[in-house]
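# Descriptive analysis of the structure
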Amino acid sequence: MTATDPASPAIRKTLFVDSTPLISDPAALRARAAEDGYLFFKARVPTDELFALRRDLLGVVDKYGWRQPGQDELGGAIDREAINQCTDRAAFRDDIGVSTAAYHDAQKLERLHRLPHHPRLLEIYRVLFGRDVLVHPRHICRMITPHQFMTPTPLHQDFPLIQGTGNTWTCWFPIGACPRALGSLTALQGSHKRGYLPIQQAAGAGGITVPLCSYDNHWVQGDFEAGDVLTFPSYTLHKALRNELKDQIRLSLDVRYQPVDEPVEAKSLLPHCDLAWEEIYAGWKNDDLKYYWRKLPLQMSDWDDSYLKPARRIC
Ligand SMILES: O=C(O)CCC(=O)C(=O)O
């Protein structure tokens, strides 16, 4: 049976269910996570801190002359002609949306590395895991511009890209509002229950995809307001919607959390760019978050290349 067979279940699209009321009820929160394979929280990240990071990131975009003039400091309108003047593929991050140089500037922002440690975010995972939490220091900041090289992130699981424990949770949140039309994330409800699924190569961030099967039919999605958060374990299938707002940047963070006593793979402790931590830290005002994971008794696991080998998909 394929997704186009008349006998296939109809595609369903429903809105994310807000799990905020379950934060005070760990058993209920875990039961929902186990059933749905995702959790969504309204207004989780305080907007003052979110907008401070947005301002910093748009400052980077301004530095390269890619923002349309005449907006306030939080406006995300992009000068398409200017960004499309970056034509050197080798110097452009098509998994991010800007040049390598601009991404380096973004990765050096102290706020980008501080926000993932916000108590309002840590609380989710302390309740979910019932144990101490490791925040992976490797944060990905998407700066999705309307550049000719960009393709929306294809349907995939995070596990083959992150490895370590399958109990690593991605926390995805836009840095500002992100309606579906701006290319927010959507997930297949319950898909985590199928465990690791063989991959194929694909264009877009991550470079891998998992082909859809007939039973992959329940998409959850929504229009994110500033501060809303989507989180899911590393076997949940998810992808980005297409950015239909052709002159707007989509700024978002991918952060990973896991129980501190489960295995972590070494790359998760490296920067998400080819800078050294020392270079990222050079302009920071505070020291408390520098190399914080080195003080923790981590259990390291080996990288396994076989997860990234394209395979024939059997539904
Ligand atoms: O923001 C995106 O386009 C991709 C994010 C993603 O796939 C993830 O956080 O795992």
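For the structure, check the block above.
Here we summarise the structure given alongside this text.

Right, let's get into the packing of helix α2 (residues 47-63) against helix α4 (residues 100-107). In contact at an axis separation of 10 Å, α2 and α4 are set at 150 degrees when each is read in the N-to-C sense. For the element pair α2 / α4, the angle class is roughly antiparallel. When you trace α2 past α4, the crossing you get is right-handed. For the pair α2 and α4, contact is made by L57, V60 and K63 and by A102, D105 and A106, respectively.

What follows is about empty space enclosed by the protein. Which parts of space are left empty comes out when a probe the size of a water molecule is rolled across the atoms. Counting across every chain of the model gives one cavity of 30 Å³ or more. Within this model, the largest cavity holds a volume of roughly 50 Å³. In this structure, the largest cavity is lined by H113, H117, P137, H139, W277, Y281, W284, L289, Y292 and W293. The residue makeup of the lining of the largest cavity, split by class, is seven nonpolar, three polar and no charged.

As a further point, take the nonpolar core. In this structure, L57, Y103, Y125, M143, F173 and Y257 are the most contacted members of the largest nonpolar core, which totals 67 residues. Looking at this core, the element that brings in the most residues is helix α6 (residues 119-129), giving seven residues. Residue contacts for L57: discarding those within four places in its chain leaves A106, L109, L112, C141, M143, I175 and L251. Of all hydrophobic cores here, the second largest spans 13 residues; its members include F16, W172, V220 and L230.

For A43, which is not a glycine, the phi torsion comes out positive at approximately 45 degrees. Within the element layout of this structure, A43 appears in the loop between β2 (39-41) and α2. In this model, Y291 sits at a positive phi of 55 degrees, which is unusual for a non-glycine residue. Take Y291: it is sitting in the loop between α8 (277-281) and β16 (300-301).

Mapped onto the fold, D158 is located in the loop between β6 (140-144) and α7 (159-162). Taking relative accessible area as the criterion, D158 reaches 4% and is therefore assigned buried. Not counting residues within four places of it along the chain, the set of residues in contact with D158 comprises T170, F232, S234, H238 and R256.

Let us now look at the site of the ligand. Taken together, R142, T153, H156, D158, T170, W172, L185, H238, A240, R250, D254 and R256 make up the full set of residues near the ligand. Within the contact set of the ligand, an oxygen atom lies 3.0 Å away from a side-chain nitrogen or oxygen of D254. Taking 300 Å² as the accessible area of the ligand by itself, protein coverage stands at 99%. Structurally, the ligand is housed in the largest pocket. The dominant element in the shell around the ligand, judged by the number of residues it contributes, is strand β14 (residues 250-259), at three residues.

What counts, and at which threshold
- Residues numbered from 1 in each chain as written.
- Predicted model: local features only at pLDDT ≥ 70, side-chain atom pairs only at ≥ 80, totals over all residues.
- Heavy atoms only, no water.
- Axes fitted to C-alpha atoms, helices over the stretch in contact; angles between N-to-C directions.
- Helix = DSSP H or I, 4+ residues; strand = E, 2+ residues; numbered from the N terminus.
- Parallel < 35°, antiparallel > 145°, perpendicular 65-115°, else oblique.
- Left-handed = near helix turned anticlockwise from the far one by under 90°.
- Contact = heavy atoms within 4.5 Å.
- 1 Å grid on protein atoms, 1.4 Å probe; cavity = no way out; pocket = protein on both sides within 12 Å on 5 of 7 lines; lining within 4 Å.
- Points joined across faces, edges and corners; volume = space filled by probe spheres on them.
- Nonpolar A, V, L, I, M, F, W, Y, C, P; charged D, E, K, R; others polar.
- Core = buried A, V, L, I, M, F, W, Y, C linked by side-chain atoms within 4.5 Å.
- Buried < 20%, exposed > 50% of the residue type's maximum accessible area, 1.4 Å probe, protein only.
- Near = heavy atom within 4 Å.
- Polar contact = N/O pair within 3.5 Å; in protein donor to acceptor, adjacent residues only side chain to side chain.
- Areas by Shrake-Rupley, 256 points an atom, 1.4 Å probe, with all protein chains shown as cover.
- Sits in = over half its atoms within 2 Å of the grid points.

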